[in-house]
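Chain by chain, the residues:
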Amino acid sequence: MNEFLKWFFAFISEMLKGYADIVKGFGHGIKQIFNIKNYINIFKEHSQDYSALSWVLSILAIIIVIAIYVLIFMMIFLGIRKYIRFRHSIVSNEDLLEEIGELQRKVLKMTKEKDEIMAMKVAQMGLPAGSGALSLADGTMAAEGAEGGGDAAAPAVVESGVVQTNEHRFSKLIEVDTFYKTYEPPAYDNEIDLPGICENFRNFACSRMHLYYEPKIIWLFMAGMASTKLIILQGISGTGKTSLPYSFGKFLQVDTTIASVQPSWRDRTELFGYFNEFTKNFNETEVLKRIYSSGYNNDVNLILLDEMNIARVEYYFAEMLSILEMPNADEWELDIVPNVWSTDPVKLDKGKIVIPQNIWYIGTANNDDSTFAISDKVYDRAQPINLDTKGVAFDAPDTPPMNLGFDHLDKLFKEAFDKYPISQENLKKIQQLDLWVIEKLRVAFGNRILKQMNLFVPVYVACGGDELDGIDYILATKIFRKFESLNLAMLREELRELCAYMTKTFGKNKMNESIAYLERLQKLF
């Protein structure tokens, strides 16, 4: 055992000598570098026979060496300073993360407590009528009144799943109910046709509002209304994206409801409102009010989502996107509240509001650093309309607004579907184009887009447009737009082939919108 200890002591001592030599060597090196006295002696020894040039060069050399050392020390100092700041930032971030984690735990705890309280109240609501059960709306107030011995109102009870109460939680919607009790609809113009609507609106916008639109823009807008309930007006600022739906509402004498989208919008409550558990009132938005009132009238109702992509559309509009996709319009319902009060608005069915067919959602979109890209999910369900140029002023006769009923407009759309269906020849060409694009670019048209095309093109033709122009516009805005997500740098040759194929298939000087768009894609890379 003693021999082992002697060996281990000798072994460790020898190793520590190595570390000591490293430290000594490092210290000796530093001492040697900064041995100013030795440098002076060397200089004196060699400078006795210096010429004037040698003196100048020596001084320059000394200055350069000093500058190099100063630079090295500055870099070391800045590096240490940066490290300290970085370390401080890490520590601060860790403190923030700990604080956030603590807040999240508190929120979860409070949420759990709230759920337990709500569960107790819901359980109370399920008691038989007349048992004195407190309602979700005023149970707390009644209990407080009972404890204080005051003259609290009798607690509400539940009868057949309906909370019996005198409180009103939908003030704006009840105002709508009151208004339509004595409402008399206007005399709608049921003789006008689609070209007449487009021409009158264009002249009205020019003569009354000093807004100038090309006929094609209005044709596209009407065709978009026929193909979908969601239209996206996109393009550079100042081209009339917001003014188009606004002026159309003025033309129909039914003002467009404008919802200015905010960057903070994260869910549907920003658009449709929410129930406030503290005030026991529903915070109603103008959008909700417009949807509700549309169920009473036969007007053409528009809701404008101004700058819709300044927040993520698929966040705050997700539920509506799903509803609008349902094939059966009778199922277009939006859940507003989970229970039913006896004082709820007339058209609120079991806490749900019906989405009428006579309402459209028009969104305006800018493409810049302050906005989000609109996802394919939204684009597939919408009809984009590009407004890239300002309207040119023209002379128009003074044109008054009109009253246009939804039933008549819907009838005109259906007549256009029957009278101007896409020709079989063009349908065959579209099918061949679809197969070509699938083979070369792995992108398919999809049944939804083909369905929209069969609705869009006939109305575009009925308004005054050309069938191939309508097909061209759908292909450019609904199909070829998907190419932006592909690796275009590797597909330039395929894009050139596609342009040549479309010219060969549809004819020269046709499909100009699509070909121009494909050529722009080629220039991006």
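Note that this is a predicted model, so its numbers are computed, not measured.

Draft legend 1. Expanded view of the pairing of strand β3 (residues 230-234). Where burial is concerned, most of β3 is hidden: five out of the five residues are buried. Of the two faces of β3, the one carrying L230, I232 and Q234 and the one carrying I231 and L233 are both buried. Pairing between β3 and strand β12 (residues 359-365): five bridges, direction parallel. The partner of L230 across the bridge, within β12, is Y361. Summarising the sheet, β3 and strand β13 (residues 383-386) pair through four bridges and their orientation is parallel. Looking at the pairing, Q234 lines up with N386 of β13.

Draft legend 2. Representation of the packing of aromatic side chains in the model. Inspection of every chain in the model, using the stated rule, returns 23 aromatic pairs. Between F179 and Y183 the ring centres are 5.9 Å apart and the planes differ by 45 degrees, which places this aromatic pair in the tilted class. A cation over a ring is seen here: K229 above W360, with NZ or CZ 3.9 Å from the ring centre. The ring of Y296 has K347 sitting right over it, with the charged end atom 4.8 Å from the ring centre.

Draft legend 3. Quick peek at the packing of helix α14 (residues 406-419) against helix α16 (residues 447-463). With their axes 8 Å apart at the nearest point, α14 and α16 run at an angle of 100 degrees to one another. For the element pair α14 / α16, the angle class is roughly perpendicular. Here F413, A416 and F417 of α14 come into contact with α16, specifically with N454, L455, P458, V459 and A462. Across the contact of α14 with α16, the residue classes tally to seven nonpolar, one polar and no charged.

About the criteria used
Residues numbered from 1 in each chain as written. Predicted model: local features only at pLDDT ≥ 70, side-chain atom pairs only at ≥ 80, totals over all residues. Heavy atoms only, no water. Buried < 20%, exposed > 50% of the residue type's maximum accessible area, 1.4 Å probe, protein only. Helix = DSSP H or I, 4+ residues; strand = E, 2+ residues; numbered from the N terminus. Pairing = 2+ DSSP bridges. Phe/Tyr/Trp six-rings, centres within 6.5 Å; stacked < 30°, edge-to-face > 60°. Lys NZ or Arg CZ within 6 Å of the ring centre and 35° of its normal. Axes fitted to C-alpha atoms, helices over the stretch in contact; angles between N-to-C directions. Parallel < 35°, antiparallel > 145°, perpendicular 65-115°, else oblique. Contact = heavy atoms within 4.5 Å. Nonpolar A, V, L, I, M, F, W, Y, C, P; charged D, E, K, R; others polar.

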